[in-house]
Amino acid sequence: MSCKFHPTAEAVTKCAKCGAELCYYCDQKAFFRSEDEDNKPFCLSCSLKEAKVKVAVWEEFSQLHKKRDTIALVLWFIGLPLLIVGIGVVLWIAASIVYNGKTLIASEEQTFSEKIKSTLLLVLICAITCPYDIFKDKRKNKKEIKKFRQKLQDILVVVKENAEHGDASAQVLLGLCYFDGKGVEQDYDKAIELWKKAAEQNNIDAQGWLGFAYHEGEGVPQNYAKALEWYSKAAEQGSLEAYFCIGSCYSEGEGVPQDDAKAVEWYSKGATQGEANSQCALGICYSEGKGVAKDMAKAFEFWKKAAEQGNGKAQELLAQHS
C-alpha cells in the first residue's frame, strides 16, 4: 500500500482518525497523535481539523469563563464588605492560628491594634483567593489558545508548501481553509481555484466540494447543472456523499427533472454502504411513499441505522414517530 499524501512512498501505519495509509515521513512529522497506548499519528487532513477544533474549543471556554468571571468578580466585591465583617466576627470569637508568636485573636497579650492587623491580614488572604483563581484560569485559556493557533499555523505552512508542489490532497485542504476562513483570510476565489487544480488530478474530494460550491452558490454563481456535473464525477469514483447529493438533486428537481424514483435509486446506493445522510433520506422516502411503496418498518430501519451514526435528523424523526 502507498501513502495517501506521498503516493511514491510505502505505507507503514494508518491515521488514528480516518485510517488513511501513511508513510514513515508522515508518521515522524505528525502534528497530533492518539492519546491511547498505540500513539498513532494523525494524517495532515485530520491534524488540520484537530487544530481547528482545539482552537474553537478553547476560544469557547475563554468566552464562557469571561462571562462567569465577570459575574463572579462583581458578586465577590459586592459581598466583600459583608465578608470582612463576618470573618472579623468569627476571628474575634475563636481561633487558634499563631501570628508573630501570639494567638491570632482573643488573646489578652495582644494589643487592640495587633488584633486588628491580624484580622485584616487573614481577610486580605481570603479576599485575593477568588480573583487569583479567576485570573489563573484566564491565563491558562490564553496559553492553550495561543498554543493551538500556533500549531494550526505550522500545519498550514506544510499544507501550503505541499499545495504549491501540486499535491491534490493539500490543495483540497487549503481550499477548505480559504472557503471557511479558518487560519487564513476567507477567499472563495482561491478556494475554487485550488479545488479545480485538485479536480483536474481527478481528486474525488475536490470534485465533491466543487459540486457543493455550485449547488449552494458560494464562491461561484449558483448552477445546479454544474453542481450535478461535479457530483457525478465524484460518484463515478465511488463517493458516498456524492450519491446522497445526486439523490437530493433528483428529489428537489435541481439541475434535472424532479424524479422520486431516481432519488431513491441514488439514496439506496449510499444507504447500503452505510452513508448516514442517504439512510435518513431513504427512510423519509419510505415514510412518505415517495419513489417507493410506503413502508414505515423500512423507514424506521434506515432511520435507526443513521441515528446510530449520530445523524441528528434521523434521531429527531425517530423521536417524532415513537
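Residue numbers run consecutively from 1 along every chain, following the written order of its sequence. Only residues with pLDDT of 70 or above have their local features reported here, since the model is predicted, and side-chain atom pairs are shown and tallied only from 80 upward, although totals for entire chains, interfaces and linings are computed over all residues. By convention in this description, side-chain values take in all heavy atoms of the structure and omit both hydrogens and water.

S.K.: What's the story with the confidence of the model for the protein chain in this structure? I'm lost.
M.R.: Regions with low pLDDT carry predicted coordinates that are not meant to be interpreted in detail. For the protein chain, per-residue confidence averages 79 on the pLDDT scale, and residues scoring 70 or more make up 70% of the total. As a per-residue measure, pLDDT tells how confident the predictor is, with possible values from 0 to 100. The contact criterion used throughout is that any non-hydrogen atoms of two residues lie within 4.5 Å. Note on residues 103–108: pLDDT under 50 across the span, and 19 contacts to partners over four residues away in sequence or across chains.

S.K.: Help me understand a negative patch on the surface, please; the structure alone is not making it clear to me.
M.R.: On the surface, Glu-35, Asp-36, Glu-37 and Asp-38 cluster together into a patch of negative charge. Within the element layout of this structure, Asp-36 appears in the loop between α1 (24–28) and α2 (44–93). Residues with no salt bridge and a relative accessible area higher than 30% make up the patches, which join like charges within 9 Å and nonpolar side chains (Val, Leu, Ile, Met, Phe, Trp, Tyr) within 5 Å. What sets the accessible areas is the Shrake-Rupley method with a 1.4 Å probe; for residues, cover comes only from the shown protein chains. For this document, the term salt bridge refers to a Lys or Arg side-chain nitrogen within 4 Å of an Asp or Glu carboxyl oxygen. Charged residues are defined here as Lys and Arg on the positive side and Asp and Glu on the negative side; His and the ends of the chain fall outside this count. All charge positions are set by atom: Lys at NZ, Arg at CZ, Asp at CG, Glu at CD. Helical segments are the DSSP runs of H or I of at least four residues, strand segments are the runs of E of at least two, and each set is numbered from the N terminus.

S.K.: Can you walk me through the packing of helix α4 (residues 168–180) against helix α5 (residues 188–200) in this structure?
M.R.: When two helices pack together, you describe them by how their axes are tilted relative to each other and by the distance separating the axes. For helices, the fitted line uses only the C-alpha atoms of the stretch in contact; every axis is such a line through C-alpha atoms, and the angle between N-to-C directions lies from 0 to 180 degrees. Relative to each other, α4 and α5 sit at 160 degrees, their axes nearing to 8 Å. The angle between α4 and α5 places the two elements in the roughly antiparallel class. The crossing of α4 and α5 is left-handed. Where α4 abuts α5, its residues Ala-168, Gln-171, Val-172, Leu-174, Gly-175, Leu-176, Tyr-178 and Phe-179 lie against Tyr-188, Lys-190, Ala-191, Leu-194, Trp-195, Lys-197 and Ala-198. A class-by-class count of the residues in the contact of α4 with α5 yields eleven nonpolar, two polar and two charged. The cut-offs work like this: below 35 degrees is roughly parallel, past 145 is roughly antiparallel, 65 to 115 is roughly perpendicular, and the gaps in between are oblique. Whether a crossing is left-handed or right-handed is set by the direction in which the near helix is turned from the far one by less than a right angle, anticlockwise for left-handed and clockwise for right-handed. Following the grouping adopted for this structure description, the nonpolar residues are Ala, Val, Leu, Ile, Met, Phe, Trp, Tyr, Cys and Pro, the charged ones are Asp, Glu, Lys and Arg, and the polar ones are all others, Gly among them.

S.K.: Explain helix α8 (residues 240–252) here, please?
M.R.: Each full turn of the α-helix corresponds to 3.6 residues, which orients residues three or four apart in the same direction. Look at α8: 19 Å from first C-alpha to last across 13 residues, which is about the 18 Å you get at 1.5 Å a residue. The buried label applies to any residue whose accessible area, calculated with a 1.4 Å probe on protein chains only, is under 20% of its type's maximum; exposed applies above 50%, and partly exposed to all values in between. For α8, the full list of buried residues reads Ala-242, Tyr-243, Cys-245, Ile-246, Gly-247, Ser-248, Cys-249 and Tyr-250. Against the buried residues of α8 lie α6 (204–216), α7 (224–236) and α9 (260–271). At the C-terminal side of α8, Gly-253 shows a positive phi close to 70 degrees. One less than the number of residues in a helix, times 1.5 Å, gives the span that helix is expected to have.

S.K.: Even after reading the chapter, I still don't get the pairing of strand β1 (residues 11–14), so can you show me in this structure?
M.R.: Side chains on a regular strand alternate between the two faces of the sheet. The pairing criterion for strands is at least two bridges between them, as found by DSSP. Here β1 pairs with strand β2 (residues 21–23) via three bridges, running antiparallel. Directly across from Thr-13, in β2, lies its bridge partner Leu-22. Between β1 and β2, which pair antiparallel and follow one another directly, the connecting turn spans six residues, one of which, Gly-19, has a positive phi of 80 degrees.

S.K.: Explain the environment of Ala-242 here, please?
M.R.: As for its placement among the helices and strands, Ala-242 is situated in helix α8. Taking C-alpha positions, Ala-242 is 9.5 Å from Ile-204, a pair spaced 38 residues apart along the chain.

S.K.: What am I meant to see in the pattern of salt bridges here?
M.R.: Proximity of charged atoms lets side chains of opposite charge pair with each other. Throughout the structure, instances matching the rule amount to six salt bridges. For Glu-229, the salt bridge goes to Lys-233, with nearest N and O atoms at 3.8 Å. Note that Glu-229 and Lys-233 are positioned in helix α7 at a spacing of four residues, about one turn of the helix. The class for Glu-229 is partly exposed, based on a relative accessible area of 35%. The class for Lys-233 is partly exposed, based on a relative accessible area of 31%. Glu-265 is the partner of Lys-262 in a salt bridge, and the nearest nitrogen-oxygen pair spans 3.9 Å. Placement of both Lys-262 and Glu-265 in helix α9 is noted, with a separation of three residues, approximately one turn of the helix.

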